[in-house]
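As a plain string of letters, each chain reads:
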Amino acid sequence: MFLLKGENIQRNLIFLLRGSLFIGMLIAVWNGQWPVAFYTLFIIGVTMLPDFLGKRFDVHIPSEFEFLAVLFVYGALFLGELRGFYIKYWWWDLVLHTASGFLLGLLGFLLVYVLNEKREIKLHMTVGFVALFAFVFSVAIGAVWEIFEFTMDQVFGMNMQKAMLDDPSGLTDTMWDLIVDSIGAFLVALTGYFYLKKSGGESFIERWINRFIQKNPHLFK
């Protein structure tokens, strides 16, 4: 019953976040701010990806995962890019990159865990390798994102690397992004390692992993 209540709260929060995005899009249309309106519409579409991918690949995404993903997109694209939080708050970028490392590490861990448990896929990976894969997967995606930011800045004259007067190259921002990406990934990899070692732990990450397994028994036959 508690889980059900918690899931309902998370669903309602997701609905509120999407609703605020929709209202923001309507305000942008009313004011004739068409680039903002289209970008907000794009953000709304991104927040719906977990639902779409879950139905497309027959994977039930627990409400905790979906809420964190929607919250991250909301904070990164809507508040960060459109509302200028990256400029207003120096720590905003670091918090979001730590969160992205955490989320991608969790995704990498679940991906390799599913592959390891599938009988038709003959893989027998050690606990240490599963944890290492989750860490490397997250850091690699973070590095690809930094390449994307550099490309957008160079080709389209944007400032995704947050170049400042004291650091016109944006190198400091890039390095801090990769560092906090690695911290988030390491926390998930470490927790996942102990989860596989002992099973039945009490950390919130372990509870989320257990919920994913319970919601998708067909993936672990």
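Data block above holds the structure.
The residue numbering used here restarts from 1 in each chain and proceeds along that chain's sequence as written. For a predicted model such as this one, the threshold for reporting local features is a pLDDT of at least 70, and the threshold for listing and counting side-chain atom pairs is 80 or more; totals across whole chains, interfaces and linings nevertheless cover every residue. The side-chain numbers reported here are obtained from all heavy atoms of the structure, hydrogens and water having been left aside.

A.B. asks: Explanation requested: the overall build of the protein in the structure shown.
C.D. replies: Along the protein, the regular secondary structure elements total nine helices and zero strands. Starting at the N terminus and ending at the C terminus, the protein contains elements arranged as α-α-α-α-α-α-α-α-α. Taking all 221 residues of the protein together, the buried fraction comes to 40%. The contact criterion used throughout is that any non-hydrogen atoms of two residues lie within 4.5 Å. Contacts in the protein between residues far apart in sequence, at least 24 positions, make up 68% of those at least 6 positions apart. Residue-level accessible areas treat just the shown protein chains as cover; the underlying method is Shrake-Rupley with a 1.4 Å probe. When the accessible area of the protein is evaluated, it comes to approximately 13,300 Å², of which 72% is carbon and sulfur surface. Helix and strand definitions here come from DSSP, where helices need a minimum of 4 consecutive H or I residues and strands a minimum of 2 consecutive E residues; each element is numbered from the N-terminal end. Each residue is assigned to one of three classes by its accessible area relative to the maximum for its type, calculated with a 1.4 Å probe on protein chains only: buried under 20%, partly exposed between the two thresholds, exposed over 50%.

A.B. asks: Would you explain the side chain of glutamate 66 in this entry?
C.D. replies: Within the secondary structure, glutamate 66 is located in helix H4 (residues 63-82). For glutamate 66, a relative accessible area of 2% puts it in the buried group. The residues contacting glutamate 66, other than those within four sequence positions of it, are Arg11, Ile14, Arg18, Pro50, Asp51 and Ile61.

A.B. asks: So what exactly am I meant to see when it comes to the nonpolar core here?
C.D. replies: One recurring pattern in soluble globular proteins is that nonpolar side chains are buried together. The criterion is simple. A nonpolar core is a set of buried Ala, Val, Leu, Ile, Met, Phe, Trp, Tyr and Cys residues joined through side-chain atoms within 4.5 Å. Counting 21 residues, the largest nonpolar core has Leu21, Ile43, Tyr74, Phe78, Leu79 and Trp92 as its most contacted members. Those elements that provide at least two residues to this core are helix H1 (2-30), helix H2 (34-47), H4, helix H5 (85-88) and helix H6 (92-117). Sort the elements by how many residues they give to this core and H4 lands first, with eight residues. With residues up to four places along the chain from it excluded, the contact list for tryptophan 92 reads Gly75, Leu79, Gly80, Phe85 and Tyr86. In this structure, Tyr113, Met125, Ala134 and Ile213 belong to the second largest nonpolar core, which totals 18 residues.

A.B. asks: Sorry if this is basic, but what is going on with the pattern of salt bridges here?
C.D. replies: Close approach of charged atoms lets side chains of opposite charge pair. The salt bridge definition used is simple: a Lys or Arg side-chain nitrogen within 4 Å of an Asp or Glu carboxyl oxygen. Tallying each qualifying case throughout the model produces one salt bridge. For arginine 18, the salt bridge goes to glutamate 66, with nearest N and O atoms at 3.6 Å. Of this pair, arginine 18 sits in helix H1 while glutamate 66 sits in helix H4, placing them 48 residues apart in sequence.

A.B. asks: Got a minute to help me understand helix H8 (residues 171-198) in this structure?
C.D. replies: With 28 residues, H8 ought to run about 40 Å at 1.5 Å a step, and its terminal C-alpha atoms sit 41 Å apart, in line with that. Within the span of H8, buried status applies to Asp173, Thr174, Asp177, Val180, Asp181, Gly184, Ala185, Val188, Ala189, Thr191, Gly192 and Tyr195. Residue count minus one, scaled by 1.5 Å, sets the expected span of a helix.

A.B. asks: Just to check I follow, could you spell out the packing of H2 against H4 for this structure?
C.D. replies: Relative placement of two packed helices is described by the angle separating their axes and the distance separating the axes. To obtain an axis, a line is fitted to C-alpha atoms, over the contacting stretch when the element is a helix, and the angle between two such axes runs from 0 to 180 degrees between their N-to-C directions. In the contact formed by H2 and H4, the axes pass within 9 Å of each other and the chain directions differ by 165°. One way to sum up the angle between H2 and H4 is to call them roughly antiparallel. In terms of crossing hand, the pair formed by H2 and H4 is right-handed. Counted together, Val36, Tyr39, Thr40, Phe42, Ile43, Val46 and Thr47 of H2 and Val70, Val73, Leu77, Phe78, Glu81 and Leu82 of H4 form the full contact between these two elements. Broken down by class, the residue content of the contact of H2 with H4 amounts to 10 nonpolar, two polar and one charged. Here the word oblique covers every angle except those under 35 degrees (roughly parallel), over 145 (roughly antiparallel) and from 65 to 115 (roughly perpendicular). Working rule for handedness: look at the near helix, and if it is turned counterclockwise from the far one by less than a right angle, call the crossing left-handed; if clockwise, right-handed. Residues were grouped as follows: Ala, Val, Leu, Ile, Met, Phe, Trp, Tyr, Cys and Pro as nonpolar; Asp, Glu, Lys and Arg as charged; and all remaining residues, including Gly, as polar.

A.B. asks: Whenever I open this one, the packing of aromatic side chains confuses me. Can you help?
C.D. replies: Here the distance between the centres and the angle between the planes together describe a pair of aromatic rings. Between rings of Phe, Tyr and Trp, where Trp is taken as its six-membered ring, a pair exists when centres lie within 6.5 Å; planes separated by under 30 degrees are stacked, by over 60 edge-to-face, and by other angles tilted. Overall, the coordinates contain eight aromatic pairs when judged by the stated rule. Taking the centre distance of 5.7 Å and the plane angle of 55° together, the rings of tryptophan 91 and tryptophan 92 count as tilted. Seen from their ring centres, tyrosine 193 and phenylalanine 194 are 5.5 Å apart, and the 80° between their planes marks the pair as edge-to-face. The partly exposed category is assigned to tyrosine 193, whose relative accessible area is 28%. Look at phenylalanine 194 and you get partly exposed, because its relative accessible area is 43%.

A.B. asks: Explanation requested: the environment of leucine 68 in the structure shown.
C.D. replies: When you line up the elements, leucine 68 lands in helix H4. The exposure class of leucine 68 is partly exposed, given its relative accessible area of 23%. For the pair formed by leucine 68 and alanine 99, sequence separation is 31 residues and the distance between their alpha carbons is 8.9 Å. Ignoring anything within four residues of it in the chain, the contact list for leucine 68 reads Phe102, Leu103 and Trp208.

A.B. asks: What is the right way to look at H2 in this model?
C.D. replies: Along an α-helix, residues three or four positions apart point the same way, because every turn accommodates 3.6 residues. For H2, spanning 14 residues, the distance from its first C-alpha to its last is 20 Å, which sits close to the expected 20 Å at 1.5 Å a residue. Among the residues making up H2, those that are buried are Ala37, Thr40, Ile43, Ile44, Val46 and Thr47.

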